[in-house]
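Listed below are the residues making up each chain.
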Amino acid sequence: MTMPYDQQNDIPDEALLVLYANGDAGAARTLTLRLTPRVFGHAYRMLGNQADAEDVAQEALIRLWKVAPDWRQGEAKVTTWLYRVVANLATDRLRRARGVALDAVAEPQDDAMSAADRMQDRARQDALQNALATLPDRQRQAVVLRHIEGLGNPEIAEVMDISVEAVESLTARGKRTLAKALAGQREALGYTDG
């Protein structure tokens, strides 16, 4: 028996996955709507390319549906598992594409912003994405998960299969490198002291 969509909004991800494994297509729909933006966002920040990020997000969700029948609630959070899968898929894609420049794809624009604000925002996003691309893969992954996705260090450690101390080291080194890479661009990006 399937539950109406509005009743599924309050159900945890793990429970929705179990419901899907038991034949509730509505649970899959709810989980897909809930997780796709996060999965795509993480993939895009790692890859810097919309088409590649869409492919990675789709593949990660397909893998989630395949493991659903064997999912053991309480062992891992669905989001943690998905972030790890996305990170692995993105890393594999980056390794295959080494030496190929990543295409810059414009984010959907907010019509409420003025043209100048949109240009400034786009310049900042491009500068951040370009600076992120200079980081070693593991540093980039740690920085993105911590400072863009908002995960805590213990969850990042689980996603990356490293210690919390290693996460702290990677994020600290990554932040320092980003700060150096972006330091000369403060004025051009519209950041003023004061």
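It should be noted that the structure appears before, not after, this text.
Residues numbered from 1 in each chain as written. Predicted model: local features only at pLDDT ≥ 70, side-chain atom pairs only at ≥ 80, totals over all residues. Heavy atoms only, no water.

## Some thoughts on the environment of D70
Now for step 1: Within the element layout of this structure, D70 appears in the loop between helix 4 (50–67) and helix 5 (78–96).
Now for step 2: Among the residues examined, D70 registers a relative accessible area of 60% and is labelled exposed. (Helix = DSSP H or I, 4+ residues; strand = E, 2+ residues; numbered from the N terminus. Buried < 20%, exposed > 50% of the residue type's maximum accessible area, 1.4 Å probe, protein only.)

## Here's the deal with the environment of L170
Now for step 1: Note that L170 resides in helix 9 (residues 164–183).
Now for step 2: Separated by 34 residues in the primary sequence, L170 and P136 place their C-alpha atoms 9.6 Å from one another.
Now for step 3: Ignoring anything within four residues of it in the chain, the contact list for L170 reads R138, Q139, A142, V143, M160 and I162. (Contact = heavy atoms within 4.5 Å.)

## Looking at the nonpolar core
Now for step 1: Residues L17, L64 and L82 are the most contacted members of the largest nonpolar core, which totals 29 residues.
Now for step 2: Broken down by element, the residue count for this core peaks at nine residues, all from helix 3 (residues 25–47).
Now for step 3: Apart from the residues within four sequence positions on either side, L82 is in contact with L35, V39, A60, L61 and L64.
Now for step 4: Ranked by size, the runner-up nonpolar core spans 10 residues in total, among them A142, L151, A157 and L170. (Core = buried A, V, L, I, M, F, W, Y, C linked by side-chain atoms within 4.5 Å.)

## Considering unusual backbone geometry
Now for step 1: A positive phi angle, close to 60°, is found at D161, a residue other than glycine.
Now for step 2: Relative to the helices and strands, D161 is located in the loop between helix 8 (153–160) and helix 9.

## Quick look at the side chain of T91
Now for step 1: Residue position: T91 is located in helix 5.
Now for step 2: Residue classification places T91 among the buried positions, given a relative accessible area of 11%.
Now for step 3: Apart from residues lying up to four places away in sequence, T91 is in contact with M46 and D137.

## So, the packing of helix 3 against helix 7 (residues 137–148)
A pair of packed helices is characterised by two quantities: the angle between their axes and the separation of those axes.
Now for step 1: One can describe the packing of helix 3 onto helix 7 by two numbers: an axis separation of 10 Å at closest approach and a directional angle of 135°. With respect to helix 7, the element helix 3 is oriented oblique. Helix 3 and helix 7 meet at a crossing whose hand is right-handed. For the pair helix 3 and helix 7, the contacting residues are H42, R45 and M46 in the first and R140, Q141, V144, L145 and I148 in the second.
Now for step 2: Here the residues of the contact of helix 3 with helix 7 sort into four nonpolar, two polar and two charged. (Axes fitted to C-alpha atoms, helices over the stretch in contact; angles between N-to-C directions. Parallel < 35°, antiparallel > 145°, perpendicular 65-115°, else oblique. Left-handed = near helix turned anticlockwise from the far one by under 90°. Nonpolar A, V, L, I, M, F, W, Y, C, P; charged D, E, K, R; others polar.)

## A few points about the packing of aromatic side chains
Now for step 1: Applying the stated criterion to the full structure yields three aromatic pairs.
Now for step 2: Geometrically, the ring pair formed by Y20 and W65 is tilted, given 4.9 Å between the ring centres and 55° between the ring planes. Here the residue Y20 occupies a position in helix 2 (residues 13–21), and W65 occupies one in helix 4, the gap between them amounting to 45 residues.
Now for step 3: The buried category is assigned to W65, whose relative accessible area is 19%.
Now for step 4: Each ring, one from W71 and one from W81, has its centre 6.1 Å from the other, and the planes form 85°; the classification is edge-to-face. Taken together, the residues W71 in the loop between helix 4 and helix 5 and W81 in helix 5 connect sequence positions 10 residues apart.
Now for step 5: Classification of W81 by relative accessible area gives partly exposed; the value is 23%. (Phe/Tyr/Trp six-rings, centres within 6.5 Å; stacked < 30°, edge-to-face > 60°.)

Just geometry here; none of it tells us what the structure is for.
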